[in-house]
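Architecture and fold: a report
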Amino acid sequence: MPELTPMARQYQEMKALHKDAILFFRLGDFYEMFNDDAELASRELDLTLTGRGKDDNRMPMCGIPYHAAEGYIAKLIEKGYKVAICEQVEDPKLAKGLVKRDIIRIVTPGTVLESSMLSDKTNNYLLAVNHEKGRFGLAFVDATTGEFKLSDFNSIEKLTDEIKRIAPAETIVSDLFPEEPRRLVAGSGFKDTYDNDTAVEKLLDHFQVKSLESFGLTGQEVALGAAAAILDYLKVTQKTTLGHINVLKPYHPEAFMFIDATTRRNLEITQTARDKSFRGSLLWVLDRTRTAMGSRLLRQWLLQPLLDVKLIEKRLDAVAELFNNGLLRAELGEGLKKVFDIERLTGKAATQSANARDLVALKESLHQLPKVVNLLEKAGSELLKEPRRLLREESRSSVAGSFVAEITELIKEAIVDDPPFVIREGGLIKPGYNAELDELKQAASGGKQWLAELESAERQRTGIKSLKIGYTRVFGYYIEVTNSNRDQVPPDYIRKQTLVNAERFITPELKDKETLILNADERMKELEYQLLVEVRTKVAAFTKELQAVASAIAQTDVLLSLAEVAVENRYCRPKVTGNGIRVTGGRHPVVEKTLGEFQFVANDVELNERTSFLLITGPNMGGKSTYMRQVALICLLAQIGSFVPAKAAELGLIDRIFTRIGAMDDIYSGQSTFMVEMTETANILNNATANSLIILDEIGRGTATFDGMSIAAAVAEFIHNKIKAKTLFATHYHEITQLAEKNPGMQNVSMLVKETGDQITFLHKVATGPADRSYGIQVAKLAGLPNEVVKRAKEVYNTLEMVENDLGKRGKKNEKISGNRLSARAGQLGLFGGGDGDRRRGTGWTGGRSPA
Ligand code: ADP
């Protein structure tokens, strides 16, 4: 085994500690990767693979310039890797022997702080789970904002559902987590797990408190282990202060409307089901927020509709106030437009990762706040008074008046208006802020002045007009004389460097001045950096206050957004009362947007104790699923405190929304369509309550007709008789419509269709009564099936109908005609060989009552 070089040994020591991360090893102006890391990175980042060392010692290597690191790190993080950054921690010029190096940070998907690696409209969560005596706990943190929450669960299903809602960027799971649930939560492992006592100790230490009582964590003990694991993980990876993580908020998922992952997808709340795009989702219609923090909060609200009428009403009051005041809406919008992401900027200040530009952005945002608050001066609703209350309260406790003014002033005095991104190269601090810095600047610029004077003096003395003074990093300042003037060079010049057509000289006088100038320059950069850190630390002292203000402003932004959407789309304020659903002129918020104004046909719905179950029939494309989803979305919107797309709405609280929708089967999960369908249905039947809303679209489709129909009927009856949940049930089995005759709470409705010759038009209007035909062939024709196929399908249809009539007449009165008998008879008639022409022709209105 050949001897390793000292540097290679240093590298391997570092690497041994961070096996699961790609190690970026700083060498001069580059980060280098070696061995397996180099091979992986060269593949993933498209870098040329080289090598370092000789023969047996040769290690594969690839590298990136240090100033371009952020982009490369972002790519690796996005692909799910972790990156450990190893820096030179002493000045190479001063180092004796090998330069000291250390890991300064480990960047992982859940701990990224750089804006360039994050979406500003979504939170970036790191999540940990814990498990103890059959109970589960989770904790999650957004390291950019400091949001830190936890909750206990009594089943793995509830835990995984919640993890899906949170959608963490990274999950850490204790190695001691049982194998099966561990697979379900799909996280990377960490070694430590904490029993309750150790966890509490770690938390007390972090929050610097004597007891966790004030956090109100009773009943959430298992999650404490997860919370402690998160803090440790952050400490190991960030190696910085975590002052912005200053509260731990327990929450109870039961306090919110429960929406499972399937339903979230089916209702297309934050992205569309088909291509996962934002455009076309509910959030796409609702998000008019001006600030990134508002946008993130709106998403949170949408994923956690409330169950507390008082809170809902508070939000509705605020939305209503803004809805009714156009001037306030406009002015508030203008004010908020100039507010940046105070939440994340505060996080950056607290973790000492804010640069001068971040501080300027914070200053500009805070500068807007008094204006925003003044606009809300006359606000009557409680939530709109909040920002004002916060600023006023703070101003009493802070020495120099309002802390907002204090920070704004400080940054304004210290930092130039348009500073560079880098913070170690100077150019950050305003003149007049620091006397020493001003003196240094004076000296440096005096030095430059001196150089200019020296240049003209030397030109005069030597008579060389082209003589000039220049600077390189290697040689410092020099006097350059072209070859043609070489004979005029005075004897006191000392030759330093020979170029092709010029010589460079120095003089002792020039060198003296050089030391002064360069020292001043170095010192200036260092001092500017120190001053920046000082300002940043002063700002960080107000982390809590800034967080509170940020959250009040984010909320104001969301309320304004909801009000604007309501005005623009003619939404109404729902009455949240009773326990039924009564909507007049309801619309689907997204479909109406994509169809264009006034194209959308509004529909009513009424579900109450007497009629809790609607059986919906009508042709494909008739609008069944749009109708059902719109009812669910209206309930959901009301419970986040939004106005709803309707003329009027009276809504009781819904505890859960369940959906089972056929068209979007999960073909990727490896389960058969039917299996997925039945698993989802089972989940609904096991978890729905009388206060739930259930949407079932064509259940039983994934199997043979009679199986499917039987299952559909049994499911419908079970829900109607046992669960009594409000239910919308679309089916293409016409036989099912008969259920309404036996079950008093069920009612048939159908989507109207206009039929002219063999053309049909969908009216998208819901009418009472079942549909009498399914119009499959007409819809197929509309879809562009070749004429020949459509014609043949009609032939087959007509013959089958004849056969059915024929069999029906001869069979006993209530006898069911089995598919087998039907197809046997059809075979006898040579149906699948040749056929006769089109017999049936209809005109006029069909499918329930005609519209007046
Ligand atoms: P179904 O579930 O009956 O097959 P969908 O609900 O998918 O039908 O609706 C099919 C299409 O009809 C939608 O994409 C939409 O363009 C249109 N549509 C549905 N409902 C309405 C409505 N109320 N007003 C106008 N167009 C509608």
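First things first, this report covers the structure right here in the doc. (Residues numbered from 1 in each chain as written. Predicted model: local features only at pLDDT ≥ 70, side-chain atom pairs only at ≥ 80, totals over all residues. Heavy atoms only, no water.)

**Notes on helix H21 (residues 624–640)**
- With 17 residues, H21 should cover 24 Å at 1.5 Å per step; its first-to-last C-alpha distance of 25 Å lies within 8% of that length.
- Burial within H21 is extensive, with 15 of its 17 residues counted as buried.
- Gly641 lies just past H21 and shows a positive phi near 95 degrees. (Helix = DSSP H or I, 4+ residues; strand = E, 2+ residues; numbered from the N terminus. Expected span 1.5 Å × (residues − 1). Buried < 20%, exposed > 50% of the residue type's maximum accessible area, 1.4 Å probe, protein only.)

**Observations regarding the site of the ligand**
- Around the ligand, the structure places 13 residues, and the nearest of them are Val601, Met621, Lys624, Ser625 and Thr626.
- Within the backbone of Gly622, one N or O atom sits 3.2 Å away from an oxygen atom of the ligand.
- The side chain of Thr626 places a nitrogen or oxygen atom 2.6 Å from an oxygen atom of the ligand.
- Calculation on the ligand without its partners gives an accessible area of 560 Å², and the protein chains cover 78% of this total.
- Looking at the shell around the ligand, the element that brings in the most residues is H21, giving 3 residues. (Near = heavy atom within 4 Å. Polar contact = N/O pair within 3.5 Å; in protein donor to acceptor, adjacent residues only side chain to side chain. Areas by Shrake-Rupley, 256 points an atom, 1.4 Å probe, with all protein chains shown as cover.)

**Details of the pairing of strand E8 (residues 135–142)**
- With respect to burial, E8 is a largely interior element, 7 of its 8 residues being buried.
- Two elements, strand E7 (residues 125–132) and E8, share 8 bridges in a ladder whose sense is antiparallel. The partner of His131 across the bridge, within E8, is Phe136.
- Hairpin connection from E8 to strand E9 (residues 148–153): 5 residues lie between these consecutive antiparallel strands, with Gly146 at a positive phi of about 95 degrees. (Pairing = 2+ DSSP bridges.)

**Section: unusual backbone geometry**
- The phi angle at Lys133 is positive, at roughly 45 degrees, despite the residue not being glycine.
- Relative to the helices and strands, Lys133 resides in the loop between E7 and E8.
- The exposed category is assigned to Lys133, whose relative accessible area is 80%.
- Residue Glu268 is not a glycine yet carries a positive backbone phi of 50 degrees.
- Mapped onto the elements, Glu268 comes out in the loop between helix H8 (261–266) and helix H9 (282–286).

**Concerning the sheet that holds strand E17 (residues 502–506)**
- Reading across the sheet, the 4 strands line up as E14-E15-E17-E16 and stay open at both edges, with antiparallel pairing between neighbours. The sheet is open, and its two edges are formed by strand E14 (468–472) and strand E16 (494–498), each paired on a single side. For this sheet the average axis-to-axis angle between neighbouring strands, irrespective of direction, equals 40 degrees.
- Two strands pair when backbone bridges link them, and E16 and E17 are joined in this way by 4 bridges, in the antiparallel orientation. Bridge assignment links Gln497 to a residue of E17, and that residue is Arg504.
- Strand contacts of helix H17 (residues 435–462): E14 and strand E15 (476–482), with the helix running at about 135 degrees to E14, the strand carrying the most contacts.
- Sheet strands touched by helix H18 (residues 508–540): E14, E15, E16 and E17. Its angle to E15, the strand with the most contacts, is close to 140 degrees. (Axes fitted to C-alpha atoms, helices over the stretch in contact; angles between N-to-C directions. Contact = heavy atoms within 4.5 Å.)

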